[in-house]
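Each chain, written out:
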Amino acid sequence: MKAIDEHDRLSLDYFTRRHCSRQWRTFLKVLASEMQSSAGKEESARFMRHVGRHLASEYPLDAPATLGDLEAQINARLDSMDWGWCTLNASDDHLAIEHVAYPVAVDTVEDPVAGEAWTRTISALLEGLYKHWLDGEGGDAPIAYRHGEPGRYLAFRYGGS
């Protein structure tokens, strides 16, 4: 991961404050950390994927006809929650998903341990969200968080190995 400069640092701080109300920031930080230390990382991730699937069911898609339509519909749902946007790129054996401007509840630079817990939490939730939507459009594949840059984007892979 590249070093963060002052401009990026200020942007991330602004983004964190804007995207997560003060009334929720500490609660979400503690929730992510405590779920993982109490239930374990895998059990916490399983629960957050479940939450993500349920959340996606609250925002159903309208049978998109093309990959562009699918991306547009997903982005409309994400926008309605102020949860950023995604890009979808199809290859022969998988769909690459890059989620930008995802909800940030923890300053990942100031508190990297809590930031790592938050990244695990939100990426698991987004796995469930995307899996529900994509399976609902006829897919039947595993989804996995691949990598990301804290506060910027998270990358997922649906299908393939």
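Residues numbered from 1 in each chain as written. Predicted model: local features only at pLDDT ≥ 70, side-chain atom pairs only at ≥ 80, totals over all residues. Heavy atoms only, no water.

> Help me understand the overall build of the protein, please; the structure alone is not making it clear to me.
For the protein, the count of helices and strands is five helices and four strands. In sequence order, the protein lays out its α and β elements as α-α-α-α-β-β-α-β-β. Evaluated residue by residue, the protein yields a buried proportion of 43% over its 161 residues. Put simply, the protein shows about 8,900 Å² of open surface, and 53% of that area lies on carbon and sulfur atoms. (Helix = DSSP H or I, 4+ residues; strand = E, 2+ residues; numbered from the N terminus. Buried < 20%, exposed > 50% of the residue type's maximum accessible area, 1.4 Å probe, protein only. Areas by Shrake-Rupley, 256 points an atom, 1.4 Å probe, with all protein chains shown as cover.)

> For this particular structure, what's the right way to read the pattern of salt bridges?
Where charged atoms from two side chains of opposite charge approach closely, those side chains can pair. Applying the stated criterion to the full structure yields seven salt bridges. The partner of Arg 49 in a salt bridge is Glu 42, with the nearest N and O atoms 2.8 Å apart. Judged by its relative accessible area of 46%, Glu 42 falls in the partly exposed class. Between Asp 135 and Lys 131 there is a salt bridge, with its nearest N and O atoms 2.7 Å apart. With Asp 135 and Lys 131 both in helix H5 (residues 112-136) and four residues apart, this pair spans about one turn of that helix. With relative accessibility at 21%, the residue Lys 131 sits in the partly exposed group. In the salt-bridge network here, residues are joined through shared partners; they are Glu 42, Arg 49 and Glu 127. (Salt bridge = Lys/Arg side-chain N within 4 Å of Asp/Glu carboxyl O.)

> Teacher, can you tell me more about the packing of helix H4 (residues 67-81) against H5 here?
Each pair of packed helices can be described by the angle between their axes along with the distance between the axes. Interaxial distance between H4 and H5 falls to 12 Å at its minimum, and their mutual angle equals 140°. Considering their axes alone, H4 and H5 lie oblique with respect to each other. Here H4 runs over H5; the crossing is right-handed. Residues Leu 70, Ile 74, Arg 77 and Leu 78 of H4 touch H5, and the partners they reach there are Leu 129, Tyr 130, Trp 133 and Leu 134. Of the residues in the contact of H4 with H5, the class split is seven nonpolar, no polar and one charged. (Axes fitted to C-alpha atoms, helices over the stretch in contact; angles between N-to-C directions. Parallel < 35°, antiparallel > 145°, perpendicular 65-115°, else oblique. Left-handed = near helix turned anticlockwise from the far one by under 90°. Contact = heavy atoms within 4.5 Å. Nonpolar A, V, L, I, M, F, W, Y, C, P; charged D, E, K, R; others polar.)

> Honestly, the sheet that holds strand E3 (residues 143-149) in this entry has me stumped. Any pointers?
Paired through backbone hydrogen bonds, the strands of a sheet run either parallel or antiparallel to each other. The strand order across the open sheet built from four strands is E1-E2-E4-E3, with neighbouring strands paired in antiparallel fashion. Edge positions in the sheet fall to strand E1 (85-90) and E3, since each has one partner strand and no second. Taken pair by pair, the neighbouring strands of this sheet meet at an average axis angle of 20°, ignoring direction. With six bridges connecting them, E3 and strand E4 (residues 153-159) associate as antiparallel partners. From the neighbouring strand, Tyr 145 faces E4, where its bridge partner is Phe 156. Contacts between H4 and the sheet are confined to E1 and strand E2 (94-100), with E1 contributing the most and set at about 160° to the helix. Relative to the sheet, H5 contacts E1, E2, E3 and E4, its axis offset from that of E4 by approximately 40°. (Pairing = 2+ DSSP bridges.)

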